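These are the residues of each chain, in order.
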Amino acid sequence: MSTIVGALGITHSPNLVRRLLAAHRTDKPDELRDAFDEMRRQLAEWHPDVLVIIGCDHLNQWFMDNMAPFLVGKPPRVAGPSPHEKARFGLPRYEAPVDQALARHLVAAGFEQDIDLAFSDECAIDHSFTMPLTFLRPEQDVPLVPLFVNVMAPPLPPAQRCVTVGRALRAAIESAPAPQRVVVIGSGHLSLEVGGPRMRDVDELGRYDGQFDEEAMTAFAEGDLDTLLRLGGAGRMLNAGNVTSGFLAFLVLAGAVSALPASRADCVVRSPFLYWDLGPAR
Amino acid sequence: VSRYGVDKALRRLIHDAGARDALQDHPDAALEGCELDEAERRALLAWDVGTLYQLGAHPFLLWNAFSGIAADREAARKDYLAAIRPHGYPDYTT
């Protein structure tokens, strides 16, 4: 039986990469680097055997020729991002093994719960995975199971479906035969606009929709699933920005942690930092 | 209107430098396999982002493709926003 010992929810904004890489080369104070470092230490303290990471693909790989709402990556190893993202965002390469046994189990156990997860034995990870992992686990040594959520190409999976899949994910992990310590990571964001008419139209804190962001963080802190589901409604997300749908990864995460109140839920430089301390310490 | 064809072309232009370079001189090769009507094809070749946006091109792809060919990304952002703003939020479901 595997155990979820902790969970993290974190930004994957590629626009933060150059700042973070530069901050790591100096001792100068940087609140964003420090926030990532705290999460990195927290993750290390959980001594994870595997990271189940919930993210997306930004139409780099999965496309409308064959779009799965939820897909488990299970090649022997995964790497990324693409040359385009490396050049544009200054993202370094990240490569890690995949826990294929757990990946297979998640798909099989999903069926038992009426959840159909697609899978791929040949896939890459884009900045949604590599950006947070670069700063959370720079050693690139812990096996991953990537779960891709279609947050890009409508029709998108609705909020409630994301939570349901998250709950199924938790049950599947807990029924996995190997006695492993699992950390679930949700990689997403709050209000955001890219390629729409409000791009860069942000408030004094750099937020597209401060109310959305604040309500989301409060709801995570309180374990208020009703509010999270309301925020994850298609209309509410569009009001907050045209690609706020990246928030759906956090709803899968909310399901995976049974909507428990987060041990930490706040924003640093408008970026969400969430964690749940869930299991027995080693 | 073939939103899928436009999105497929935009994705190719983001990732494939060869297709980007060939777009003007060899558009048939650059856009091979992308089903486009005449208006979409014209708009793509002219980088008419306002028209592409209005026709329902995926905004994330459109912005990434357009800014990817720009020498000055800030200037590109201003041009892009000026072109798309009149069109609000068109449906881009394929």
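Structural data are supplied above this passage.
Let us look at the structure shown here. Being a predicted model, the structure only gives us computed values, none of them experimental.

**Some points on the overall build of chain B**
Then comes step 1: Each helix and strand in chain B was counted, giving seven helices and zero strands.
Then comes step 2: From first element to last, N terminus to C terminus, chain B shows the α and β order α-α-α-α-α-α-α.
Then comes step 3: Relative to the 2.2 N^0.38 estimate, which gives 12 Å for 94 residues, the radius of gyration of chain B is 12 Å and therefore close to what a compact globule would have.
Then comes step 4: Within chain B, buried positions represent 45% of all 94 residues.
Then comes step 5: In chain B, once contacts between residues fewer than 6 apart in sequence are set aside, the share between residues at least 24 apart is 55%.
Then comes step 6: Here chain B displays about 4500 Å² of accessible surface, and carbon together with sulfur accounts for 48% of that area.
Then comes step 7: Here chain B carries 11 positive and 15 negative side-chain charges, and the mean point of each set is 6 Å from the other.

**With respect to the sheet that holds strand β7 (residues 144-149) of chain A**
All names here are of chain A.
Then comes step 1: Here we have eight strands laid out as an open sheet, ordered β6-β3-β7-β2-β8-β1-β10-β9, and mixed in their pairing. One side of each edge strand has no neighbouring strand; the edge strands of this open sheet are β6 (118-120) and β9 (264-268). Here the strands of the sheet are splayed against their neighbours by 20° on average, with no regard to which way each runs.
Then comes step 2: In the sheet, strand β2 (residues 50-55) pairs with β7 via five bridges, with the strands oriented parallel. From the neighbouring strand, Val52 faces β7, where its bridge partner is Val145.
Then comes step 3: Contacts from helix α7 (residues 210-222) reach β9 and β10 (271-277) within the one sheet, and its direction differs from that of β9 by about 160°.

**What to know about the nonpolar core**
Then comes step 1: Ile54, Val184, Phe220, Phe247 and Val252 of chain A together with Leu10 and Tyr80 of chain B are the most contacted members of the largest nonpolar core, which has 92 residues in total.
Then comes step 2: Beyond its immediate sequence surroundings of up to four residues, Phe247 of chain A is in contact with His189, Leu190, Phe212, Ala216, Phe220, Leu228, Leu231, Gly232 and Met237 of chain A.
Then comes step 3: Residues Ala35, Leu71, Phe89 and Cys123 of chain A belong to the second largest nonpolar core, which totals 39 residues.

**Brief notes about helix α10 (residues 248-256) of chain A**
Residue and element names in this part refer to chain A.
Then comes step 1: Where burial is concerned, most of α10 is hidden: nine out of the nine residues are buried.
Then comes step 2: Of all the positions in α10, only Leu248, Ala249, Phe250, Leu251, Val252, Leu253, Ala254, Gly255 and Ala256 are classed as buried.
Then comes step 3: Positive backbone phi, approximately 55°, marks Ser258, located one or two places after α10.

**Things to note about the interface of chain B and chain A**
Then comes step 1: If you look at the interface, chain B gives 27 residues, while chain A gives 24 residues.
Then comes step 2: Taking both sides of the interface into account, the surface hidden between chain B and chain A amounts to around 2400 Å²; carbon and sulfur atoms contribute 60%.
Then comes step 3: Area buried by chain B at its contact with chain A is led by Arg11, Phe60 and Tyr89 of chain B, which between them contribute 29% of it.
Then comes step 4: Joining chain B to chain A, the criterion identifies one salt bridge.
Then comes step 5: Of the charged contacts, one joins Arg200 of chain A and Glu74 of chain B as a salt bridge, the two residues approaching to 3.2 Å between their closest N and O atoms.
Then comes step 6: Joining chain B to chain A, the criterion identifies twelve residue pairs in polar contact (both at pLDDT 80 or more).

**With respect to the pairing of strand β1 (residues 3-11) of chain A**
All names here are of chain A.
Then comes step 1: β1 sits mainly inside the fold: eight of its nine residues count as buried.
Then comes step 2: Bridge analysis of β1 against strand β8 (residues 181-188) gives eight bridges, and the strand direction is parallel. For Gly9, the partnering residue across the bridge sits in β8 and is Gly186.
Then comes step 3: Bridge count for β1 against β10 is five bridges, and the pairing is antiparallel. Following the sheet pairing, Gly9 is matched in β10 by Leu274.

**A short note on the packing of aromatic side chains**
Then comes step 1: What the rule picks out here adds up to 14 aromatic pairs over all chains.
Then comes step 2: Summarising the aromatic geometry, the rings of Trp47 of chain B and Phe66 of chain B are spaced 6.3 Å apart at their centres and angled 55° between planes, so their arrangement reads as tilted. Placement of the pair is Trp47 of chain B in the loop between α4 (38-45) and α5 (49-54) and Phe66 of chain B in helix α6 (residues 59-68), with a sequence separation of 19 residues. Comparing Trp47 of chain B with Phe66 of chain B, the two get one shared label, buried.
Then comes step 3: Cluster of aromatic residues (ring-pair linked, three or more members): Phe212, Phe220, Phe247, Phe250 and Trp276 of chain A.

**Describing helix α1 (residues 17-24) of chain A**
All names here are of chain A.
Then comes step 1: Val17, Leu20 and Ala23 are the residues of α1 that are buried. End-on view of α1: buried residues confined to an arc of 135°, all on one side of the axis.
Then comes step 2: Contacts from the buried residues of α1 go to α2 (31-45), α3 (83-89) and α5 (127-136).

Conventions used here
Residues numbered from 1 in each chain as written. Chains lettered and ligands numbered in written order. Predicted model: local features only at pLDDT ≥ 70, side-chain atom pairs only at ≥ 80, totals over all residues. Heavy atoms only, no water. Helix = DSSP H or I, 4+ residues; strand = E, 2+ residues; numbered from the N terminus. Rg over C-alpha atoms; globule rule 2.2 N^0.38 Å. Buried < 20%, exposed > 50% of the residue type's maximum accessible area, 1.4 Å probe, protein only. Contact = heavy atoms within 4.5 Å. Areas by Shrake-Rupley, 256 points an atom, 1.4 Å probe, with all protein chains shown as cover. Lys, Arg positive; Asp, Glu negative; His and termini not counted. Charge placed at Lys NZ, Arg CZ, Asp CG, Glu CD. Pairing = 2+ DSSP bridges. Axes fitted to C-alpha atoms, helices over the stretch in contact; angles between N-to-C directions. Core = buried A, V, L, I, M, F, W, Y, C linked by side-chain atoms within 4.5 Å. Buried area = accessible area lost by both parts, 1.4 Å probe. Salt bridge = Lys/Arg side-chain N within 4 Å of Asp/Glu carboxyl O. Polar contact = N/O pair within 3.5 Å; in protein donor to acceptor, adjacent residues only side chain to side chain. Phe/Tyr/Trp six-rings, centres within 6.5 Å; stacked < 30°, edge-to-face > 60°. Arc of directions from axis to C-beta.

Remember, this is a structural readout, not a statement about activity or role.
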